[in-house]
Amino acid sequence: MIQRLVVVLLIMVVVFVGCDEKETDKVKPKEVVDEGPKKRIIWEKDGAKMVLIEGFARTKDTYDDFGDLVPGKLVKVSDPFYMDTTEVTVGQFKKFVKETGYKYDRWDDMVEYSPTDKHPIILVSWFDATAYCEWTGKRLPTEKEWEFTARGGLIGKEFPWGDEESIASEYANFEGTEGRDKWDKQIAPVGSFLPNGYGLYDMAGNVWEWCQDWYDSNHDTRVLRGGSWLFNSNFLRVATRNNDLPSYSTYYYGFRCVVDVPENQKGSKVKL
Amino acid sequence: MVRIPMISGYTEVDDPIYQDFYMDVTEVTVGQFKKFLKSSGYKPEKPIDWAELFKFSPTDKHPMIRVSWHHATAYAKWAGKRLPTEAEWEFAARGGLVNKTFPWGDDESIAREYANFYGTGGKDQWDGTTARVGSFLPNGYGLYDMSGNVWEWCQDWYDEGKEYRVCRGGSWSNSMLSQRVAYRVNDVPTAANYYVGFRCVLESK
């Protein structure tokens, strides 16, 4: 008799305790928050670290007729896209060639200037760069995208880090050695310097980077941006334009990729 | 403003001064001129380039610059005052002293206690910009920056041809020589430079 009572009691306890938990779950459902596309990703195909470029820029502060400050506005420059944080490396390009059998026979020359897998790939034509991009599912940046990202969020400044030419060697591998720039007449491994405001490395110096666009209405050369290890600090300016035949390749031309944010990852609107 | 008393003073300028008048203790400031623009609806023919202006007069307490003789006159009128005549300006600048080179006397070595001019030293910490008005010692009449800081527009024509208006006082960008109380310069009334400003006077009734 007592045993039965105990069992009944136990069952009642279990049932009532069980009931309580279920009630709590019904009252407070878990909230799902959509934060939009991820700020930093690793592109599976080539292992490239990429950052989200949100495509907003702040216009310059101005003054009204009475001398009162009119702060700059946030304007949309482009749809969001991801950009490689570094130039495409020897290691990455090797993987591309191995998996596709793409014809690239400059290894012997290349290794003299870009000796490790962590150095930027060089001796690649615009066509080689484009082929790599296609393999990864990415593309070359447009000239406008390249300059916008090189500015790193700063407005009206000469270089990716601002206006001070004297600190260039903290950010860029260019002619000569100084500061962080230990490479004279050599290419530095990617990411050896300080990044710009968007977390991009070597936008100035190291190697010139192929862009998508034709240089001008002649449609015979493609745009190159960024300056290189061979050139002086004048060529590190964000606005400096270079160009060459798309079939041409040399020791100071490389590239990096961008990709538009995939549709299914666009997520909620960007907070301004 | 302070009252400048009428005493038989010595000036190098011909026009005599017949009566007391009141004078602004300091040059007209950026803040005062902004107030004028907002409340009067006065529209300069060419809009003021504030970004450029702030490079040389960065706060509301700095002297207003990049104003033409016409803007200065318009401000004075709005304020119920007028620009000083050259004689009034010089008389006031002498601060009651007689026959001295500078508003404070003849001693060049103490210039930087009284004036913002080219270079730095003493109270003059400003190199390349104007100083906040009233940053230095005043002269005998309690007027500040009669020497240095900005040249000040006067009412008069400089020349018989009536092409130029008078400027007095020297500026932040000029040498010691131009701080002399009798030194006269001129410019076309439409000129609006970063080293020229003004102050006002009011006749006493």
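The structure presented is a predicted model; accordingly, all values stated were derived computationally and were not measured.

A. Broad picture of the overall build of chain B. What chain B contains, in helices and strands, is five helices and seven strands. Counting the 205 residues in chain B, one finds 43% classified as buried. A fraction of 67% describes how many contacts in chain B between residues 6 or more apart in sequence connect residues 24 or more apart.

B. Structural detail: the overall build of chain A. The number of helices and strands found in chain A is six helices and twelve strands. Taken over 272 residues, chain A has a buried fraction of 33%.

C. How the structure looks around the pairing of strand 8 (residues 208-214) of chain A. All names here are of chain A. In the sheet, strand 8 pairs with strand 11 (residues 253-254) via two bridges, with the strands oriented parallel. Each bridged residue has a counterpart across the sheet, and for E209 the counterpart in strand 11 is G254. Direction of pairing for strand 8 relative to strand 9 (residues 222-225): antiparallel, over a ladder of three bridges. Its bridge partner being in strand 9, E209 is matched across the sheet by R225.

D. Summary view of the sheet that holds strand 4 (residues 165-168) of chain B. Overall, mixed pairing links the four strands, which are arranged 5-4-3-6 (chain B) in an open sheet. Both outer strands of the open sheet, strand 5 (184-187) and strand 6 (196-197) of chain B, are each paired with one neighbouring strand and no more.

E. Region of interest: the nonpolar core. Judged by nonpolar contacts, the single largest core of 52 residues is most densely connected at I122, A129 and W210 of chain A. Mapped onto this core, the elements with two or more residues apiece are strand 2 (48-53), strand 7 (81-84), helix 2 (90-100), helix 4 (126-136), helix 5 (143-150), helix 6 (168-171), strand 8 and strand 9 of chain A. Discounting residues that sit within four places of it in the chain, W210 of chain A has contacts with W126, A129, L140, R222, L224, Y253 and F255 of chain A. Among the nonpolar cores identified, the runner-up in size contains 49 residues, and F102, F136, V166 and C167 of chain B belong to it.

F. Local environment of the environment of A191 of chain B. Examined against the element boundaries, A191 of chain B turns out to sit in the loop between strand 5 and strand 6. Along the backbone, A191 of chain B and S68 of chain B are 123 residues apart, and their C-alpha atoms lie at a distance of 5.2 Å.

G. Highlighting the interface of chain A and chain B. With four residues of chain A at the contact, the number on the chain B side is seven residues. Partitioning the side of chain A that touches chain B into residue classes produces two nonpolar, one polar and one charged.

H. Here's a closer look at the environment of G140 of chain B. Residue and element names in this part refer to chain B. Tracing the sequence through the fold places G140 in the loop between helix 5 (111-114) and strand 3 (151-157). Judged by the 15 C-beta atoms lying within 10 Å of it, G140 is partly exposed. Spatially, the C-alpha atoms of G140 and W104 are 7.4 Å apart, while their sequence positions differ by 36 residues.

I. The sheet that holds strand 9 of chain A, seen in detail. Here four strands make up an open sheet; going across it, the order is 10-9-8-11 (chain A) and the pairing mixed. Looking at the sheet topology across the chains shown, the edges are occupied by strand 10 (241-244) and strand 11 of chain A.

J. Up close: helix 4 of chain A. Residues and elements named next belong to chain A. Every buried residue belonging to helix 4 is among W126, D128, A129, Y132, C133 and T136, and all of these are buried. Down the axis of helix 4, the buried side of the element spans an arc of 160 degrees, and every buried residue falls inside it. Of the surrounding secondary structure, the elements contacted by the buried residues of helix 4 are strand 1 (40-43), helix 2, strand 8 and strand 9. Positive backbone phi, approximately 85 degrees, marks G137, located one or two places after helix 4.

K. How the structure looks around unusual backbone geometry. Residue and element names in this part refer to chain A. Look at L123: it is not a glycine, yet its phi comes out positive at around 55 degrees. Tracing the sequence through the fold places L123 in the loop between helix 3 (107-113) and helix 4. Using a count of 20 C-beta atoms within 10 Å as the deciding quantity, one classes L123 as buried. Notably, N206 is not glycine yet its phi reads approximately 65 degrees, a positive angle. Of note, N206 is situated in the loop between helix 6 and strand 8.

L. Representation of the confidence of the model for chain B within the structure. Summarising the model, chain B shows a mean pLDDT of 91, and 93% of its residues fall at 70 or more. Confidence estimates for the predicted assembly give a pTM of 0.62 and an ipTM of 0.72.

M. Inspection of helix 3 (residues 69-78) of chain B at higher detail. Residues and elements named next belong to chain B. Listed in full, the buried residues belonging to helix 3 are W69, H71, A72, Y75 and A76. Each buried residue of helix 3 lies within a common arc of 160 degrees when the element is viewed along its axis, so the set occupies one face. On the buried face of helix 3, the contacting elements are helix 1 (30-40), strand 3 and strand 4. Downstream of helix 3 by a residue or two, G80 has a phi angle that is positive, lying close to 80 degrees.

N. Structural view of the environment of K144 of chain A. All names here are of chain A. On the secondary structure map, K144 appears in helix 5. You can call K144 partly exposed: it has 13 C-beta atoms within 10 Å. The spatial distance from the C-alpha of K144 to the C-alpha of C211 is 9.1 Å, given a sequence separation of 67 residues.

Calculation notes
Residues numbered from 1 in each chain as written. Chains lettered and ligands numbered in written order. Predicted model: local features only at pLDDT ≥ 70, side-chain atom pairs only at ≥ 80, totals over all residues. Helix = DSSP H or I, 4+ residues; strand = E, 2+ residues; numbered from the N terminus. Buried ≥ 20, exposed ≤ 12 C-beta atoms within 10 Å, placed from the backbone. Contact = placed C-beta atoms within 7 Å. Pairing = 2+ DSSP bridges. Core = buried A, V, L, I, M, F, W, Y, C linked by C-beta atoms within 7 Å. Nonpolar A, V, L, I, M, F, W, Y, C, P; charged D, E, K, R; others polar. Arc of directions from axis to C-beta. pLDDT = per-residue confidence, 0-100.

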